[in-house]
Amino acid sequence: MSSNGIRDKVAIVGMGCTSFGEHWHRSADDLLIDAMADCFDANPRFDRADVDAYWLGTLGSGQSGLTLSKPLGLDYKPVTRVENYCASGSEAFRNACYGVASGAYDRVVAIGVEKLKDSGFSGLLRGDPPGDGTSAELSMTAPAAFSLLDPAYCARYGVDPGAMRDAMTHVAWKNHRNGALNPKAQFRAEVAKEKIAGAPLVAGRLGIFDCSGVSDGAACALIVRAEDAYNYTDTPLFVKALSLVAGPARGAMDPEYDYTTFPEVVHSARDAYAQAGIEDPRTEISLAEVHDCFTPTELILMEDLGFTDRGQAWKDSLAGDFDLDGRLPVNPDGGLKSFGHPVGASGLRMLYEMWLQVQGLAGKRQLDDPRIALTHNLGGRPGSCVSFVSLVGREKG
């Protein structure tokens, strides 16, 4: 597949993000207000009254554009509410960018929010849409479905389960270590590898520390035409590629599917790289935020995104290739694992880290000379999911 893309036609000129965590004392309204305030307070050149339209991503923390217009007191502005599983925030961003690139609007906001703690949704408790009975994976919890990746990977590539356990532990250790440097992360403490490896099991060989946090939060972005970007900031972030694909959801019934890849990720990455003119993601991408909902997910994503060869992600992870000081830092802000995963906000939270890095505002986790960054969202489960990949850069052209 391929897309025409909107390379360098739009730019991010401001971003905001709440802290992620168990915000029992704050409503979705409060989080939306706080994310917007964080965004506009950091960009005095942008007047909130100048926003032409809004896109809101949320899985279940509101219905319709009223979810946003009411708390923000918006008077008769277009607000589009979108949902695409865990890629809901990314979908808000994608549609907002297209709204500007089309010429329909000059200045827009993409915002995402989720109050998971109030809903009781935790990955173990959830509601599925009605089906025809052929989707066997819907009978599983999310941890159970993703736990299949680990033994499948070991079987296909002949990896010793102990070595795979070490690699999964390293992913969790790395992301908690990064999150400890992030004042907005849900979990802000390093966790010893021994504690991660010995944690109580949730499903299969997935322990507590192999699973992403259940949290509340919101994040947002200001988007304008690329030619107008420097009117609002000296360091805009130009959109290079946006790719969203939905799979055919045949994994549970397809004898060819072996749970060692996400075909949707492969397709969306290939499309995004073509849009952005990326030929070698291993050397051309400076950093990446990926959907580490579970530790084996991150390992497989390294291969699906082309960051390493098939069957090698576990080795490269243990070698430190994706650490903060590695050849390609992955999840420098702590990822879903440490920053948390309020579904509708996660995709925009990933872009928020890219914004901070380009601005030189990432503090102790600041990277040297970040140029091209990738974000990736996965929604659904192995064999039945949607995948989003974006590429953004600090320079136009």
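Criteria and cut-off values
Residues numbered from 1 in each chain as written. Predicted model: local features only at pLDDT ≥ 70, side-chain atom pairs only at ≥ 80, totals over all residues. Heavy atoms only, no water. Helix = DSSP H or I, 4+ residues; strand = E, 2+ residues; numbered from the N terminus. Rg over C-alpha atoms; globule rule 2.2 N^0.38 Å. Buried < 20%, exposed > 50% of the residue type's maximum accessible area, 1.4 Å probe, protein only. Contact = heavy atoms within 4.5 Å. Polar contact = N/O pair within 3.5 Å; in protein donor to acceptor, adjacent residues only side chain to side chain. Salt bridge = Lys/Arg side-chain N within 4 Å of Asp/Glu carboxyl O. Phe/Tyr/Trp six-rings, centres within 6.5 Å; stacked < 30°, edge-to-face > 60°. Lys NZ or Arg CZ within 6 Å of the ring centre and 35° of its normal. Pairing = 2+ DSSP bridges. Core = buried A, V, L, I, M, F, W, Y, C linked by side-chain atoms within 4.5 Å. Domains from an automatic or database assignment. Buried area = accessible area lost by both parts, 1.4 Å probe.

By the naming in an unreviewed UniProt entry, the protein is Acetyl-CoA acetyltransferase, taken from Antrihabitans stalactiti.

**Here we look at the overall build of the protein**
Of the regular secondary structure elements, the protein holds 14 helices and 11 strands. In summary, the protein has a C-alpha radius of gyration of 20 Å against a globular reference of 21 Å for 397 residues, a match within 12%. Oriented by its inertia axes, the alpha-carbon framework of the protein measures out at about 55 × 45 × 40 Å. Taken across its 397 residues, the protein has 60% of its residues classed as buried. Intrachain contacts of the protein at a sequence separation of at least 6 include 77% that bridge at least 24 residues.

**Comments concerning the side chain of T67**
You can see T67 is positioned in helix 2 (residues 66–72). Residue classification places T67 among the buried residues on the basis of a relative accessible area of 10%. Reaching out from T67, the side chain makes a polar contact with the backbone nitrogen of Q63 at a distance of 3.1 Å.

**Here's the deal with the environment of M36**
Following the sequence through the fold, M36 ends up in helix 1 (residues 28–41). Note: C-alpha distance between M36 and P281 (245 residues apart in sequence) is 33 Å. Ignoring sequence-local partners within four residues, the contact set of M36 consists of R48, Y54, L72, V109, I111 and C220.

**Some thoughts on the pattern of salt bridges**
Close approach of charged atoms lets side chains of opposite charge pair. Under the definition given, this model contains 26 salt bridges. D8 is paired through a salt bridge with K240; the nearest N and O atoms lie 2.7 Å apart. Separated by 232 residues along the polypeptide, D8 in the segment before strand 1 (10–17) and K240 in strand 8 (residues 237–246) bring together distant segments of the chain. With respect to class, D8 is no different from K240; both count as buried. Between E22 and K117 there is a salt bridge, with the nearest N and O atoms lying 3.2 Å from each other. Taken as a pair, E22 in the loop between strand 1 and helix 1 and K117 in helix 4 (residues 116–119) lie far apart in primary sequence, 95 residues in all. For E22, a relative accessible area of 45% corresponds to the partly exposed category.

**Remarks on the environment of F146**
By secondary structure assignment, the location of F146 is in helix 5 (residues 142–147). Placed 94 residues apart in sequence, F146 and D52 show a C-alpha to C-alpha distance of 40 Å. F146 has contacts with L206, F262, C293, F294, P296, T297, L378, G380, R381 and P382, leaving out every residue within four places of it along the chain.

**Remarks on the packing of aromatic side chains**
Applying the stated criterion to the full structure yields 9 aromatic pairs. Aromatic side chains F20 and F339 sit 4.7 Å apart centroid to centroid with 65 degrees between the ring planes, which places their arrangement in the edge-to-face category. Residue F20 is found in the loop between strand 1 and helix 1, and its partner F339 is found in helix 13 (residues 335–339); the two are separated by 319 residues along the sequence. Grouping residues by exposure puts F20 and F339 together as buried. Joined through ring pairs, the aromatic side chains of F40, F46 and Y232 make up one cluster. The ring centre of W173 lies 4.7 Å from the NZ or CZ of K193, which sits over that ring.

**Let's talk about the pairing of strand 2 (residues 53–57)**
Counting buried positions over the 5 residues of strand 2 gives 5, a clear majority of the element. Neither face of strand 2 is left uncovered, since the one carrying A53, W55 and G57 and the one carrying Y54 and L56 both have all their residues buried. Inspection of the sheet shows strand 2 paired to strand 4 (residues 107–115) by 5 bridges, in the parallel sense. Among the inter-strand pairings, Y54 is bridged to a residue of strand 4, identified as V109.

**Digging into the nonpolar core**
Counting residues in hydrophobic clusters, the biggest one holds 48 residues, and the most contacted among them are F262, Y273, L305, F307, L374 and L391. Mapped by element, the contributors of at least two residues to this core are helix 5, helix 6 (149–157), helix 7 (161–179), helix 9 (263–276), helix 11 (295–304), helix 12 (313–318), strand 10 (372–381) and strand 11 (384–393). Filtering out sequence-adjacent residues up to four positions away, F262 remains in contact with F146, L149, T297, I300, L301, D304, L378, P382 and C385. Grouped together as the second largest cluster of nonpolar side chains are 41 residues, W55, A92, A185 and L356 included.

**A word on the domain arrangement of the protein**
Each assigned domain of the protein is listed with its residue range as follows: domain 1 (10–119 + 216–236) and domain 2 (142–208 + 239–393). Inter-centroid distance (C-alpha atoms) of domain 1 to domain 2 is 24 Å. Listed as interface residues are 42 residues of domain 1 and, on the opposing side, 29 residues of domain 2. Taken together, the two surfaces of domain 1 and domain 2 that pack against each other cover about 2800 Å², and 71% of this comes from carbon and sulfur. Sorting the residues of domain 1 by area buried against domain 2 places M15, F20 and C86 first, and these three jointly supply 25% of that buried surface.

**Some points on the pairing of strand 11**
Looking along a regular strand, one sees the side chains alternate between the two faces of the sheet. Judged by how many residues are buried, strand 11 sits mostly within the fold: 10 of 10 residues are covered. Burial of strand 11 is two-sided: the residues S384, V386, F388, S390 and V392 facing one way and the residues C385, S387, V389, L391 and G393 facing the other way are all buried. In this structure, strand 10 lies alongside strand 11, joined through 10 bridges in antiparallel fashion. Bridging across to strand 11, I372 finds its partner in G393.

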